[in-house]
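Observations on chain architecture
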Amino acid sequence: MANFPPVDEQLAYLKKGAAEIVKETELRSKLERSLASGKPLRVKAGFDPTAPDLHLGHTVLLRKLKHFQDLGHTVIFLIGDFTGMIGDLRALGDATSADDGADCGERRDLQGAGFQDSQSGKTVVDFNSRWFSKFSAEDLSV
């Protein structure tokens, strides 16, 4: 069972550098459930596979994700390789180059930003093609 700090301490740490937390009561509730169950939160952020690297604009998000990880929660970096193919195909090239870029560049960037590697269980890199590739074009229409 994970050993998390008290909820008020977690919230204080997560509020560092934040102007506001939208739905703070909801976050508190999730932290309380996590503490009671001993199960870490799974905090996700999506990234564009067409970008060769993460940049300065990502620092606020990455810093906050690192705070969640510091508190014992799991951070999931979701690479939009499938949804990238639906967008600007010229920018994407092919699925292999998107996978290569996301796999090499962004993993390297995440480690450089101080995130623990995937063996720790606190950092997960996943690709949305894992579930979206099973859909047909009709399934994806609105």
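As the structure is a computational prediction, the values presented were derived from the model and not from experiment.

It is worth spelling out the overall build of the protein at this point. Of regular secondary structure, the protein possesses eight helices and three strands. Per-residue burial for the protein yields a buried fraction of 34% across its 142 residues. Once local pairs closer than 6 in sequence are excluded, the contacts in the protein between residues at least 24 apart make up 72%.

The subject of this paragraph is the sheet that holds strand β2 (residues 74-79). Here three strands make up an open sheet; going across it, the order is β1-β2-β3 and the pairing parallel. The strands lining the two open edges of the sheet, one partner per strand, are β1 (42-47) and β3 (123-127). Going from strand to strand, the sheet's axes swing by 25 degrees on average, the running direction of each strand aside. As paired strands, β1 and β2 are joined by six bridges and run parallel to one another.

Glancing now at the packing of aromatic side chains. Per the stated rule, a full pass over the model turns up one aromatic pair. Each ring, one from F47 and one from F77, has its centre 5.6 Å from the other, and the planes form 35 degrees; the classification is tilted. One end of the pair, F47, is in strand β1; the other, F77, is in strand β2, with 30 residues separating them in the sequence. In this structure, F47 and F77 share a single accessibility class: buried.

A rise of 1.5 Å per residue sets the reference length of helix α3 (residues 59-70), with its 12 residues, at 16 Å; its end C-alpha atoms lie 16 Å apart and thus fit the reference within 8%. Those residues of α3 not exposed but buried are L62, L65, K66, H67, F68 and Q69. Downstream of α3 by a residue or two, G72 has a phi angle that is positive, lying close to 100 degrees.

The grouping of I86, W131, F135 and L140 at the surface amounts to a nonpolar patch, some 360 Å² of accessible area in total. Structurally, the position occupied by L140 is in helix α8 (residues 137-140). Judged by relative accessible area, L140 falls into the partly exposed class, the value being 36%.

Moving on: unusual backbone geometry. At K23, a position not held by glycine, the phi torsion is positive, near 60 degrees. Within the element layout of this structure, K23 appears in the loop between α1 (7-15) and α2 (24-37).

Relative orientation of the contacting elements α1 and α3 amounts to 160 degrees, with a least axis distance of 9 Å. Overall, the two elements α1 and α3 adopt an arrangement that is roughly antiparallel. Classified by chirality, the crossing of α3 by α1 is right-handed. Across from Y13, L14 and K15 in α1, the residues of α3 making contact are K64, H67, F68 and D70. Class assignment of the residues belonging to the contact of α1 with α3 gives a composition of three nonpolar, one polar and three charged.

What counts and what doesn't
- Residues numbered from 1 in each chain as written.
- Predicted model: local features only at pLDDT ≥ 70, side-chain atom pairs only at ≥ 80, totals over all residues.
- Heavy atoms only, no water.
- Helix = DSSP H or I, 4+ residues; strand = E, 2+ residues; numbered from the N terminus.
- Buried < 20%, exposed > 50% of the residue type's maximum accessible area, 1.4 Å probe, protein only.
- Contact = heavy atoms within 4.5 Å.
- Pairing = 2+ DSSP bridges.
- Axes fitted to C-alpha atoms, helices over the stretch in contact; angles between N-to-C directions.
- Phe/Tyr/Trp six-rings, centres within 6.5 Å; stacked < 30°, edge-to-face > 60°.
- Expected span 1.5 Å × (residues − 1).
- Patch = residues over 30% accessible without salt bridge, like charges linked within 9 Å, V, L, I, M, F, W, Y side chains within 5 Å.
- Areas by Shrake-Rupley, 256 points an atom, 1.4 Å probe, with all protein chains shown as cover.
- Salt bridge = Lys/Arg side-chain N within 4 Å of Asp/Glu carboxyl O.
- Parallel < 35°, antiparallel > 145°, perpendicular 65-115°, else oblique.
- Left-handed = near helix turned anticlockwise from the far one by under 90°.
- Nonpolar A, V, L, I, M, F, W, Y, C, P; charged D, E, K, R; others polar.

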